[in-house]
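# A look at the structure
Listed below are the residues making up each chain.
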Amino acid sequence: MKLINQGAEAKIYLDKNIIIKERIPKTYRIKELDEKIRKQRTRREISMLEKASKIINVPKILMGSSEKEFKIFMEFIDGKKLSESLDLFDDKKRIEICNNIGKEVALMHSVNIIHGDLTTSNMILKDDKVFLIDFGLSFIDPKVEHKAVDLHLIRQALDSKHYKNYESSFKSVLDGYKKYSNESKEVLDRLNKVDIRGRYKQKNKN
Ligand SMILES: Nc1ncnc2c1ncn2[C@@H]1O[C@H](COP(=O)(O)OP(=O)(O)O)[C@@H](O)[C@H]1O
Ligand SMILES: [Mg+2]
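Residues numbered from 1 in each chain as written. Chains lettered and ligands numbered in written order. Predicted model: local features only at pLDDT ≥ 70, side-chain atom pairs only at ≥ 80, totals over all residues.

## Some thoughts on the pairing of strand E3 (residues 18–23)
As defined by bridge partners, strand E2 (residues 10–15) adjoins E3 across six bridges and the pair is classed as antiparallel. Counterpart to Asp-15 in the pairing with E3 is Ile-18. In textbook terms, the turn of a hairpin is the stretch between consecutive antiparallel strands, and for E2 and E3 this stretch comprises two residues, one of which, Lys-16, has a positive phi near 55°. For E3 and strand E4 (residues 71–75), the ladder comprises five bridges, and the chain directions are antiparallel. Within E4, the residue paired with Lys-21 across the bridge is Ile-72. (Pairing = 2+ DSSP bridges. Helix = DSSP H or I, 4+ residues; strand = E, 2+ residues; numbered from the N terminus.)

In structure tokens:
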């Protein structure tokens, strides 16, 4: 078993072709509360991954997962993380990948799953398919506002981490989204408002 990632919330181990995501204690929280939060997030991630797997590409949940042990066993997606690879593809391929990001997010939104942490670190490309991972902050809500915020997070991630091709990449995400969403007009109208609010906040910082 090999530790492959240590984030603020969780340790990720790879054992053969299985990923084990273990939520680690936060010592600044009192024990009871900390365990409650870790259990809740583990349970949430398991149930959202199960729901999402019926519609989009996500790692399959495997036996052994246990909210009591704060552990999720899941399929290892042996591909390329988009945070590290998106800018390395040629334009045609990059546009195709961004279209696929939009498609996956639109399909996910069609069953009212909001991801809550859509960055390119939570997307893996395998066999030309985009897999979404890291559903610890996800929830179910039909409101257009939440869907717009999900898209806004992608926009921010592309703008800050992939700025070289930001314009065409985000346009392609939206093209893919429009094709697979039946409420894209409402969501994109709301996205404009979310963006304006974001800029206003930025300008009035300090
Ligand atoms: N199922 C998986 N397949 C392949 N890599 C994974 C998988 N789950 C997690 N990872 C790797 O571990 C990293 C952190 O996992 P993630 O679920 O995003 O936790 P965190 O909450 O720490 O961001 C990911 O960015 C990815 O590199
Ligand atoms: Mg993550």
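Moving on from the coordinates now.
## Let's talk about the site of ligand 1
Around ligand 1 sit 19 residues in total, of which Asn-5, Gly-7, Pro-59, Ile-77 and Asp-134 are the nearest. Class assignment for the residues of the shell around ligand 1 results in nine nonpolar, five polar and five charged. Taken domain by domain, the makeup of the shell around ligand 1 includes at least three residues from each of domain 1 (2–75) and domain 2 (80–203). (Near = placed C-beta within 6 Å. Nonpolar A, V, L, I, M, F, W, Y, C, P; charged D, E, K, R; others polar. Domains from an automatic or database assignment.)

## Some remarks on the domain arrangement of the chain
Examined at the domain level, the chain breaks down into domain 1 (2–75) and domain 2 (80–203). The distance between the C-alpha centroids of domain 1 and domain 2 comes to 23 Å. Counting residues at the interface gives 13 residues for domain 1, matched by 13 residues for domain 2. In terms of residue class, the side of domain 1 that touches domain 2 is made up of seven nonpolar, one polar and five charged. (Contact = placed C-beta atoms within 7 Å.)

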